[in-house]
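Report on the structure
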Amino acid sequence: MFVKKVHAFYKSCIRVQQFDHFSYVDWMKAKENIKLPKLWTGRSSRSHYDWVQTLAVMRRYGLNGIFIEEMMIHRRDDNTKTIIDLDKPVEGMGFVPLTYENLQDLLRYLDMPSNVKTFEKLWQEISEFEQRLEELQAIEDEEGTKLVKVKDLPLPWLNRYLATVFDYTLLDPNMEVYVQNLEYMQQLYDLLKKYSHHFVSRYLE
């Protein structure tokens, strides 16, 4: 049975010519009932968006390295055990800003009824936000990796983020995690506090 399942999985993989990330995100949103504001809509008082939940659900579905990177690694004091590791985006090329062409492709996929003026305004908002995110990537990890209990996590929203990633109602407050680059984590939090949930959720879209 195992060999049969592996063979079926292999066949399903080779049938996919190119990964369609747009369709994947649409499927994830439908499955998890995630609501995100459209890129071209203004703020609505009738809708409530929770970017922390959205970010965590995206991680659960494999979309890592958005604002932070969460991985399971071996403990440094006992390599027979694993532990959650939180860091700034470092895998691959780390944080990669959206390009002008990327945004054009995205809006074409979403079939957005835009004009040059609305597109340029949207591009300006996103590029300014990403420029600030990119500046944070230069922050060096001077203190090194810290072993922190969940109850002592330096970012108030990280507890809820991890609980959502692992689909727990509550996390064990004494569970330990590695946190790298605390200065980056703090400055990231300070930056995100300057933006509304609506804006950050719209960016994640």
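Shown above is the structure to which this text applies.
Reference entry: report on the structure contained in this document. Quantities reported herein were computed from a predicted structural model and do not represent experimental measurements. (Residues numbered from 1 in each chain as written. Predicted model: local features only at pLDDT ≥ 70, side-chain atom pairs only at ≥ 80, totals over all residues. Heavy atoms only, no water.)

1. Structural notes on the overall build of the protein
A tally of regular secondary structure across the protein gives 8 helices and 4 strands. Along the chain direction, N to C, the helices and strands of the protein fall in the order α-α-α-β-β-α-α-β-α-β-α-α. For the protein, buried positions account for 38% of its 205 residues. Within the protein, residue pairs in contact and separated by at least 24 positions form 74% of the contacts whose partners lie at least 6 positions apart. Just so you have it, the protein exposes about 13000 Å², and 52% of that area is on carbon and sulfur atoms. (Helix = DSSP H or I, 4+ residues; strand = E, 2+ residues; numbered from the N terminus. Buried < 20%, exposed > 50% of the residue type's maximum accessible area, 1.4 Å probe, protein only. Contact = heavy atoms within 4.5 Å. Areas by Shrake-Rupley, 256 points an atom, 1.4 Å probe, with all protein chains shown as cover.)

2. Here's the deal with a negative patch on the surface
On the surface, Glu140, Asp141, Glu142 and Glu183 cluster together into a negatively charged patch. Relative to the helices and strands, glutamate 142 resides in the loop between helix 5 (116-136) and strand 3 (146-149). Given a relative accessible area of 77%, glutamate 142 falls into the exposed group. (Patch = residues over 30% accessible without salt bridge, like charges linked within 9 Å, V, L, I, M, F, W, Y side chains within 5 Å. Salt bridge = Lys/Arg side-chain N within 4 Å of Asp/Glu carboxyl O. Lys, Arg positive; Asp, Glu negative; His and termini not counted. Charge placed at Lys NZ, Arg CZ, Asp CG, Glu CD.)

3. Considering the nonpolar core
Ranked by internal contacts, the top residues of the largest apolar core, which has 49 residues, are Trp51, Phe67, Leu153, Trp157, Tyr161 and Leu188. Taken together, the elements giving at least two residues each to this core come down to helix 3 (51-60), strand 2 (82-87), helix 4 (100-109), helix 5, helix 6 (158-165), strand 4 (176-179), helix 7 (182-193) and helix 8 (197-204). Take this core: its biggest share by element is 7 residues, from helix 5. Look past the residues within four positions of tryptophan 157 in its chain and what remains in contact with it is Trp51, Val52, Leu55, Ile68, Leu188, Tyr189 and Leu192. (Core = buried A, V, L, I, M, F, W, Y, C linked by side-chain atoms within 4.5 Å.)

4. Details of helix 7
When the terminal C-alpha atoms of helix 7 are compared, their 17 Å separation across 12 residues agrees well with the 16 Å that a helix rising 1.5 Å per residue should span. The complete set of buried residues in helix 7 reads Tyr184, Met185, Leu188, Tyr189, Leu191 and Leu192. Down the axis of helix 7, the buried side of the element spans an arc of 160 degrees, and every buried residue falls inside it. Check the buried side of helix 7 and you find it contacts helix 3, strand 2, helix 5, strand 4 and helix 8. (Expected span 1.5 Å × (residues − 1). Arc of directions from axis to C-beta.)

5. Concerning the environment of arginine 75
Tracing the backbone through its elements, the reader meets arginine 75 in the loop between strand 1 (69-74) and strand 2. Residues arginine 75 and aspartate 85, 10 residues apart in the sequence, show an inter-C-alpha distance of 9.4 Å. Leave out the neighbours within four places in its chain, and arginine 75 touches Lys81, Thr82, Ile83, Leu147, Glu176 and Tyr178. Engagement of the side chain of arginine 75 in a polar contact is seen with the side chain of aspartate 77, the distance being 2.9 Å. Of the polar contacts made by the side chain of arginine 75, one reaches the side chain of glutamate 176; its length is 3.2 Å. (Polar contact = N/O pair within 3.5 Å; in protein donor to acceptor, adjacent residues only side chain to side chain.)

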